[in-house]
Amino acid sequence: MNQEKIQKLVSNLLIEIGENPKREGLLSTPKRVAKAYEFLTSGYSKDIEEVLNNAIFQEKYDEMVLVKDIDFYSMCEHHMLPFYGKVHVAYIPNGKIVGLSKIPRIVDVFARRLQVQERMTQQIADTIEKYLQPKGVAVVSEARHMCMMMRGVEKQNSSATSSAVHGLFKEDARTRNEFFNLIKMRGV
Ligand SMILES: [Zn+2]
């Protein structure tokens, strides 16, 4: 990411919206925005294998593993405005487990880029599927979209939910219900 180029773009954006990038409060804004974008889109440059970094272990455990209420912050690709909320991730191991702390990090890899909520949810599930080959994986995300809340429709309290379920979570209603009971969806 070329910080200087982005600063220039932000400066031009400020002019186009009717601002004066030379006024005191805005002097460092292009620099700050460029820095912020570097962080908010850092998922593009993250390598999943590096993130997992040997944290996959052989293990006989075959009960549901659930990490719920993982906070995430992303940006919608349609408006480049934030959407944020919680992700719940569950899988049923089939000989392999991953260090629990890695799951929020997987979420961040896909959240910190321009996204649509449905794809982010799917990508998290696909990653668990690919690296652990579990008996099942389920991912649910609940999010509020600034592009809905701040502009146009201004639906202040609407939240969107999307889910990706594979394997046992798809085939077996009891497993799926157990998962949805455990996360007790209640909005963000
Ligand atoms: Zn949007």
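Caption draft 1: Representation of unusual backbone geometry in the model. One non-glycine residue, D69, lies in positive phi territory at about 60 degrees. Along the chain, the position of D69 falls in strand 2 (residues 65-76). Residue D69 is classed as partly exposed on the basis of its relative accessible area, which comes to 28%. Even without glycine at this site, Q133 takes up a positive phi of about 40 degrees.

Caption draft 2: Region of interest: the environment of L168. Mapped onto the fold, L168 is located in helix 7 (residues 168-171). Classification of L168 by relative accessible area gives partly exposed; the value is 28%. Along the chain, L168 and E178 lie 10 residues apart, while their C-alpha atoms are 12 Å from each other. Residues in contact with L168, not counting those within four places in the same chain, are I92, K135, G136 and T175.

Caption draft 3: Here's a closer look at the coordination of the zinc ion. Within the first shell, the zinc ion binds the protein through C76 (SG), H79 (ND1) and C147 (SG), at distances of 2.1 to 2.3 Å. Expressed as a motif, the donor residue spacing for the zinc ion is C-x2-H-x67-C. Of this pair, C76 sits in strand 2 while C147 is found in helix 6 (residues 146-149), placing the two residues 71 residues apart along the sequence. A relative accessible area of 4% places C76 in the buried class. Here C147 falls in the buried class, since its relative accessible area comes to 9%.

Caption draft 4: Layout of the domain arrangement of the protein. Each assigned domain of the protein is listed with its residue range as follows: domain 1 (3-40) and domain 2 (54-183). Distance from the C-alpha centre of domain 1 to the C-alpha centre of domain 2: 33 Å.

Caption draft 5: Layout of the environment of A160. Inspection of the secondary structure assignment puts A160 in strand 7 (residues 160-167). Sequence separation of A160 and A111 is 49 residues, and the distance between their C-alpha atoms is 15 Å.

Parameters at a glance
- Starting from 1, residues in each chain are numbered consecutively following that chain's sequence as written.
- Under the rules for a predicted model, residues below a pLDDT of 70 receive no local features and side-chain atom pairs below 80 are neither given nor counted, while totals for whole chains, interfaces and linings still include all residues.
- Values shown for side chains rest on all heavy atoms present in the structure; no hydrogens or waters enter the calculation.
- Starting at the N terminus, helices and strands are each numbered in turn, a helix being any DSSP run of H or I of at least four residues and a strand any DSSP run of E of at least two.
- Residue exposure (1.4 Å probe, protein chains only): buried if accessible area is under 20% of the type maximum, exposed if over 50%, otherwise partly exposed.
- Throughout, a residue-residue contact means that at least one pair of heavy atoms, one from each residue, lies within 4.5 Å.
- The rule for donors is simple: N, O or S, within 2.8 Å of the metal, or within 3.2 Å if the metal is Na, K or Ca. Water isn't counted, so a site may look like it is missing partners.
- In this document the domain limits rely on a domain assignment from an automatic tool or a database.

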